[in-house]
Amino acid sequence: MAIHVDEGIKKQMYFTISASVFRFTLAASYTQVLILVPRARIFAQYAIVGNSVIAIIYLCSAWTPVPATIVLWLIASLLGDPVWVKLTYLDRRASIPINIEHTAERYGCFIMLMLGESVLAIVTEHNVDSWNDFLITYFGFWIIYALMKQYTGAQPHNPDNHALRVSNLRGRVFLYSHILLGFALIGLGTGLKMIKLHSDKHNEISTIDYHLFAYSLVTALVSINICRLSHKFESRNLFVWAARLIVILIVSFFEFMSNGAHFHAATVIVIFALLVVCLNLVDTVAGDVTVPDDHHAEAKHNEKRIPHADVKVEMQMRHAERVPVPLVRRKKGKREFVEL
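Residues numbered from 1 in each chain as written. Predicted model: local features only at pLDDT ≥ 70, side-chain atom pairs only at ≥ 80, totals over all residues. Heavy atoms only, no water.

1. Re the overall build of the chain
When helices and strands are counted, the chain shows twelve helices and two strands. Reading the helices (α) and strands (β) of the chain from amino to carboxyl end gives α-α-α-α-α-α-α-α-α-α-α-α-β-β. A total of 340 residues make up the chain; the buried ones form 36% of that total. In the chain, the proportion of contacts linking residues at least 24 apart, taken out of those at least 6 apart, comes to 73%. Total accessible area computed for the chain in this model is approximately 21,000 Å², and 66% of it derives from carbon and sulfur atoms. (Helix = DSSP H or I, 4+ residues; strand = E, 2+ residues; numbered from the N terminus. Buried < 20%, exposed > 50% of the residue type's maximum accessible area, 1.4 Å probe, protein only. Contact = heavy atoms within 4.5 Å. Areas by Shrake-Rupley, 256 points an atom, 1.4 Å probe, with all protein chains shown as cover.)

Structure, rendered in C-alpha cells:
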C-alpha cells in the first residue's frame, strides 16, 4: 500500500489489491480472537464481517473505471469502519472491557508517530541552501515541537481523571479528537513541505499551500483543546481558557485576513510559530503541567495496586505449599535433588 499510494489512480490495481489483502489479514486476526477469547466473540464477529466487506469493496474497485474507483474508495474508507464499529456500540453483547491505561498510551503513540511524520516531511527531499529554507525548516520544527508540548500538557497525571474513566461520552470525544488531530498533523507537515518546495522558486507563498498549512494548524490547536476538555482536571481557570481561546482566534483570524497573498513564506511561518509559542506560554502560566512529586496522585494510584503485606505473606505461604523445596546433595561430583 505504501509503495503504490503516491501513484494513486494510475496503478489502482496494485494499491487496491494490497488494501484488500490487509483487510483480509485483519479479518483473519479477529477470527483468532473469535476462537480464543470467549467474551469477545460478538465483537469479533462484527469485526470479521466489517473488514471482509471492506476488503471485497477494495478488491472490486481494482477493475472499475476511475470515477467508480474513487466512489468505492470513499465508501470503504469513510463508511466501512464507522458502520461496523457503530454496530458494536449499539449491541451490548459486543461490549468488552478495555485496558484504559494501555489504550491511552496507544493513542499517545499514534500522535507521536504523526508528529514524526510531520518532521520528516519538513527535513527530507529538499536542501537548506538559503535563509528562507532555513527559517521555514527551523520555525516549522518549532511549531511541531510546541504542538507536542501542548498535547502532553493536555493529558492528566492522575489516571482516574482520564476521559476514558470519566464517562462514555468523554471517552468517545477523546478518541475522535485524536483522529482529527492525526489528520491535522499530516496536513501541517505536508503544508510546510509544499511551502518550502515552492518558495525555492519565488519567495511569495502560494494560496493553496498556505491554506493547507494554516487550516491544519488551526484544526490541530482546536483538537488538542477538545482533548483537554474531555478530561477531568482538579480545577479549570476561566481566565486561562479565555486566553487560550483568544490566541486560537488570533491564529484563525490571521489565516482568514492574510489569505496568504503577497506574504514572504518565511515571514508567515515565523508569525505562526510565535503565536503557537504564546499559546504554550499560556499553558505554562496556567500551571496545568506540573512535575509529579512523591505524593502525587498517580503514585498513590499505583500504590493501591500493590498487595497488602499480609496478602504478600499469604501468597508466599501458598506458593511454598504448592512448590516442593529442593534439597541439594552432592554425591560423587553429581547433584541429587530430593523433595521435602
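Let us keep going from here.
2. Let's talk about the nonpolar core
Formed by 40 residues in total, the largest nonpolar core has its most connected members in I143, L147, L188, F213, L217, I269 and F272. Those elements that place two or more of their residues in this core are helix 4 (100-123), helix 5 (131-153), helix 7 (168-198), helix 8 (207-230), helix 9 (238-258) and helix 10 (265-286). Among the elements that make up this core, the one with the highest residue count is helix 10 (nine residues). One finds A47, I54, I57 and W73 within the second-largest nonpolar core, a separate group that totals nine residues. (Core = buried A, V, L, I, M, F, W, Y, C linked by side-chain atoms within 4.5 Å.)

3. As for the pattern of salt bridges
The tally for this structure, following the rule as stated, stands at three salt bridges. R165 serves as the salt-bridge partner of E101, at 2.5 Å between the closest nitrogen and oxygen. In this pair, E101 sits in helix 4 while R165 sits in helix 6 (residues 163-166), placing the two residues 64 residues apart along the sequence. Take R165: its relative accessible area is 35%, and that puts it in the partly exposed class. (Salt bridge = Lys/Arg side-chain N within 4 Å of Asp/Glu carboxyl O.)

4. Structural notes on the environment of V49
Within the secondary structure, V49 is located in helix 2 (residues 41-60). Look at V49 and you get exposed, because its relative accessible area is 53%. A C-alpha to C-alpha distance of 8.2 Å links V49 and W84, two positions 35 residues apart in sequence.

5. Structural notes on the packing of aromatic side chains
Counting across every chain of the model gives ten aromatic pairs. Chaining the aromatic ring pairs together yields one cluster made of F134, Y138, F139 and W142. In this structure, R244 packs its charged tip against the face of W241, placed 4.7 Å from the ring centre. (Phe/Tyr/Trp six-rings, centres within 6.5 Å; stacked < 30°, edge-to-face > 60°. Lys NZ or Arg CZ within 6 Å of the ring centre and 35° of its normal.)

6. Brief notes about a nonpolar patch on the surface
A cluster of nonpolar side chains, namely V66, I70, V71, L74, I75, L78, L79, V83, L87 and L90, defines an oily patch on the protein surface of about 870 Å² accessible area. Among the secondary structure elements, L87 is positioned in helix 3 (residues 66-90). (Patch = residues over 30% accessible without salt bridge, like charges linked within 9 Å, V, L, I, M, F, W, Y side chains within 5 Å.)

7. Quick look at the environment of A19
Structurally, A19 is set in helix 1 (residues 12-36). For A19, a relative accessible area of 3% translates into the label buried. As a C-alpha pair, A19 and I56 span 37 residues in sequence and 9.9 Å in three-dimensional space.

8. Considering the environment of S95
Assignment of secondary structure puts S95 in the loop between helix 3 and helix 4. The exposure class assigned to S95 is exposed, which follows from its relative accessible area of 57%.

9. Points about the side chain of S230
Mapping S230 onto the fold places it in helix 8. Within the structure, the side chain of S230 is placed 2.6 Å from the backbone oxygen of C227, a separation counted as a polar contact. Excluding residues that lie within four positions of it along the chain, S230 makes contacts with A163, R170, V173 and F174. (Polar contact = N/O pair within 3.5 Å; in protein donor to acceptor, adjacent residues only side chain to side chain.)

10. Looking at the confidence of the model for the chain
Per-residue pLDDT for the chain has a mean of 76; in total, 74% of the residues score no lower than 70. The least confident element of the chain is strand 2 (residues 334-339), whose mean pLDDT is 46; the most confident is helix 2, at 90. Counted against residues more than four places away or in other chains, residues 289-295, with its pLDDT under 50, gives five contacts. In this model residues 335-340 is a low-confidence stretch, pLDDT under 50, and it forms 18 contacts with partners more than four residues away in sequence or in other chains. (pLDDT = per-residue confidence, 0-100.)

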